[in-house]
Amino acid sequence: MWKRLAKFALQHRLALLILLAVCTAVMAFFASKIKLSYEFSKAIPTNNPKYQDYLSFKNKFGDDGNLLVIGVQTNDFFELKNFESYQAFNNDLKKINYIENVLSVSNAIDLLKDTASQRLIAVPVFPDSIASQQQLDSSRKLFYTLPFYKSLLYNPETNAYLAVVRINKNILSSPGRTKVINDIIATANQYTNKTKIETHISGLPLIRTQVADRIAKEMKWFIIGSLVLSAIILLLMFRSLGTTILSLLVVIIGVIWSVGITYLFGYKITLLIALIPPLVVVIGIPNCIYFLNKYHSTLKATGNKQQSLIDMVSKMGVVTLFCNLSAAIGFAVFALTKSSILIEFGQVAGLSIMLIFVISFILLPGVLSYMPQPGARQLKYLDVKFFTNLLLKIEGWVLHHKNVVYALTLVAVIFSVFGLFKLKTEGFIVDDLPKTDKIYTDLKFFEKNFHGVMPLEIIIDSKKRYGLAGSRILPVLMKMDSLSKYISSQKEMARPLSIAEGIKFVKQGFYEGDSSNYQLPNSFDIAFIGEYLKPGNDSTPKNNISKLLTSFIDTARESARMSINMADVGTKKLPGILSGIRKKTNELFDTSKFKITFTGSTITFLEGSAYIINGLKQSLLWAFLFIALCMLYLFKSLRILICSLIPNIIPLIVTAGIMGWVGVRLKPSTVLIFSVALGIAIDVTIRFLVNYKQELSTNNFDIKKTVSETIKHTGLSILYTSLVLIAGFIIFCFSGFGGTQSLGWLTSITLLIATLTNLVLLPVLLLAMGKKHP
């Protein structure tokens, strides 16, 4: 069958090459339309209850992920010159397109009671033009008598001050968000240059935008880096510019197809999908090496170019097909999870790897048939003394030091098992950023001074329309206030903002600004204050109180929200904190009358991380199952199946052990390593065992002789491809994301160990479990 396919590919080479070129041009057109993804909640299935809760919250109250905060810290904030610069800074922020509102110390308002019209007038605490330091000091004293702003806009203990910037939610879902964020950063830098006061910027809009932009930038550099590194290795190996360019052309076409497929599937570039093009390069190059190595070795033995090309396709075709199939399975099993982001990655990666085989099958024999026959210089790599001597030593270890191989393997496994017990599962929202990165350090600034910026929402649903209207809301406000005090006592959480805080502010204004009246009204107070809360009884629309209050209660007066900013405490600590709050809410609210929902980006992140980690664990099991079935079909021997799986399980155990010993946590970006490494490492096993099976009959089923011949004949191409694979993954170590760095060096270690186990342990197992006949 494969000989017929080889002859067909060579007979119709021109038509196949033209067809490939046309299809690649079409894919390039689609690839040019690819866009970045700015979503963080795609890890959760759309039918997940927590995701549905989040959508329900956004429909009632709007997005919680469009607020950006800018902080400064200085003892001289209220010096006239500095404060005027801060006012100008706030005004400049408001001028940026798509900035809807800026709330800060400089535009804080006070509520003045107008008895005649029974309304509260919103009056700026700080006038637009301040004549003297004395006038500023007077306004500052007034500001400090308004508890509403304490810990919201300033921290008196650390002299830190905060501005909240609301960005149009539509622009945040488009590429235009990059310009908006960059304009904010540029405006902040201008303020810093003018005043020498450092600014700190954080919030989900900034984190999402800058991470997405870095992903796009890194993807380009990783593709270029992997191509350059592969070109250098291929050039050193084959000593032929034409052969090197041909190999690079295979993976470049593969990259174009992978990006085109992503667009055709309706997907965008995420942190995971951005890894696919470099992975296509890393996996595609070994295809070329195996095909070319077979072509060159046959040509050296026979001198017949046409027959060598037929042998290359017929003998390496089935091997490469199953190798790519096993690698594709390692990725495609992600599509069996319930996480959208993993499903997308699995579908695109699995299909892209299979298409690399098709591209190699068409392009390599077709182009090689037109190229001149390789000379002796280009075949010199087949007799490199270093690799020849290394393979002879490996053969010696396999044949004469079996017990030492077993002992070393056992020691490595025991060492790794101890490391497994140290392995921790924990993820953070900005986990993959270096500790010195400004995004990370700015986030820590807000955690230190304002308890963090990660949004958490608690929805109190009365279960009936107008259940929170009129005097019925008073007991609910009391319970919300008690819950707020409990939450404020948690060091990782800021004081919640809710309708309760707004009404406290109103009561203070009603009682002539007396700060001792910043408390909830009783049944007596509400009879008088109620008139001041009615729509239309407040001042200008720009700063009206009803707008403040209605943003924390829905139009049906059925649900109220409590908005909390909190620290990025991680997936391990967060469930305990939320459990404590839930326990408190259950004590305060009768669950038969109220439905309490925890939602917001913090909850979706926690749920998404759990889905990704659990999904990746399940996908690893599926990968083992499907790959085992492929191996069983290919070799039709349970004995060989067992021999093939052991050398691939051990590298995964060792890698997990290393992660435990060095403190690399199990998180969404690192769990990926195991399925990726398994799918790629099994290639080595397949190539070794296929060659072993082919040689076995030639050597009259002499297992010892066959193992020795297989090490010599297959070992060279295994060493070269392992070198390319390891070098390809090392590229990821230069990423700006910790998870991608870990993917790089840990996968490289896994592949290195897999090469050793497949060249040393696998032959030893074949000898130990061998029979006279297979």
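Residues numbered from 1 in each chain as written. Predicted model: local features only at pLDDT ≥ 70, side-chain atom pairs only at ≥ 80, totals over all residues. Heavy atoms only, no water.

**Student:** For this particular structure, what's the right way to read the sheet that holds strand 9 (residues 497-498)?
**Tutor:** For sheets, the rule is that strands pair by backbone hydrogen bonds, running either parallel or antiparallel. The strand order across the open sheet formed by 4 strands is 9-10-8-11, and the pairing between neighbours is antiparallel. Of all strands in the sheet, those bounded by a partner on one side alone are strand 9 and strand 11 (595-599). The pairing of strand 9 with strand 10 (residues 559-566) spans 2 bridges and is classified as antiparallel. When the bridges of strand 10 are listed, L497 appears paired with S563. (Pairing = 2+ DSSP bridges. Helix = DSSP H or I, 4+ residues; strand = E, 2+ residues; numbered from the N terminus.)

**Student:** Hey, could you run me through the packing of helix 8 (residues 241-264) against helix 11 (residues 340-370) in this one?
**Tutor:** The relative placement of two packed helices comes down to the angle between their axes together with the axis-to-axis distance. The interhelical angle for the contact between helix 8 and helix 11, taken along N-to-C directions, is 145°, at an axis separation of 9 Å. Crossing handedness for the pair helix 8 and helix 11: right-handed. The residues of helix 11 that touch helix 8, namely those facing L246, L249, V250, V251, I253, G254, W257, S258, I261 and T262, are V348, L351, S352, L355, I356, I359, S360, L363, L364, V367 and L368. Across the contact of helix 8 with helix 11, the residue classes tally to 16 nonpolar, 5 polar and no charged. (Axes fitted to C-alpha atoms, helices over the stretch in contact; angles between N-to-C directions. Left-handed = near helix turned anticlockwise from the far one by under 90°. Contact = heavy atoms within 4.5 Å. Nonpolar A, V, L, I, M, F, W, Y, C, P; charged D, E, K, R; others polar.)

**Student:** What am I meant to see in the environment of V676 here?
**Tutor:** Locating V676 in the fold gives a position in helix 22 (residues 668-698). Among the residues examined, V676 registers a relative accessible area of 1% and is labelled buried. Here V676 is in contact with F331 and F729, once residues within four sequence places are set aside. (Buried < 20%, exposed > 50% of the residue type's maximum accessible area, 1.4 Å probe, protein only.)

**Student:** When you look at the nonpolar core in this model, what are you seeing that I'm missing?
**Tutor:** Looking at soluble globular proteins, one finds that nonpolar side chains tend to be buried together. In this structure, Y149, I167 and I184 are the most contacted members of the largest nonpolar core, which totals 257 residues. With residues near it in sequence (within four places) discarded, I184 still touches L68, I70, L93, I96, I99, V165 and I167. (Core = buried A, V, L, I, M, F, W, Y, C linked by side-chain atoms within 4.5 Å.)

**Student:** So what exactly am I meant to see when it comes to helix 5 (residues 133-143) here?
**Tutor:** Within helix 5, the full set of buried residues consists of L136, S139 and F143. Relative to the axis of helix 5, the buried residues are bounded by an arc of 65° and lie together on one face. Counted as exposed and oriented over 90 degrees from the buried face of helix 5: Q134 and K141. Contact partners of the buried residues in helix 5: helix 4 (80-95) and strand 5 (154-155). (Arc of directions from axis to C-beta.)

**Student:** Would you explain unusual backbone geometry in this entry?
**Tutor:** Leaving glycine out, the prevailing phi sign among residues is negative, and the prevailing peptide bond configuration is trans. Even without a glycine there, the phi angle at K196 is positive, about 65°. Within the fold, K196 resides in the loop between helix 6 (177-195) and strand 7 (199-202). Of note, R557 is a non-glycine position whose phi angle comes to about 55°, a positive value. Tracing the backbone through its elements, the reader meets R557 in the loop between helix 18 (545-550) and strand 10.

**Student:** What is the right way to read the layout of surface pockets from this model?
**Tutor:** The probe, sized like a water molecule, is rolled over the atoms to show the empty space still left. Taken as a whole, the second largest pocket encloses approximately 750 Å³ of empty space. Together, 25 residues line the second largest pocket, and S297, N691, K712, H713 and T714 are the ones closest to its centre. Looking at the lining of the second largest pocket, the elements with two or more residues in it are helix 9 (276-302), helix 10 (305-332), helix 12 (385-400), helix 22 and helix 23 (703-730). (1 Å grid on protein atoms, 1.4 Å probe; cavity = no way out; pocket = protein on both sides within 12 Å on 5 of 7 lines; lining within 4 Å. Points joined across faces, edges and corners; volume = space filled by probe spheres on them.)

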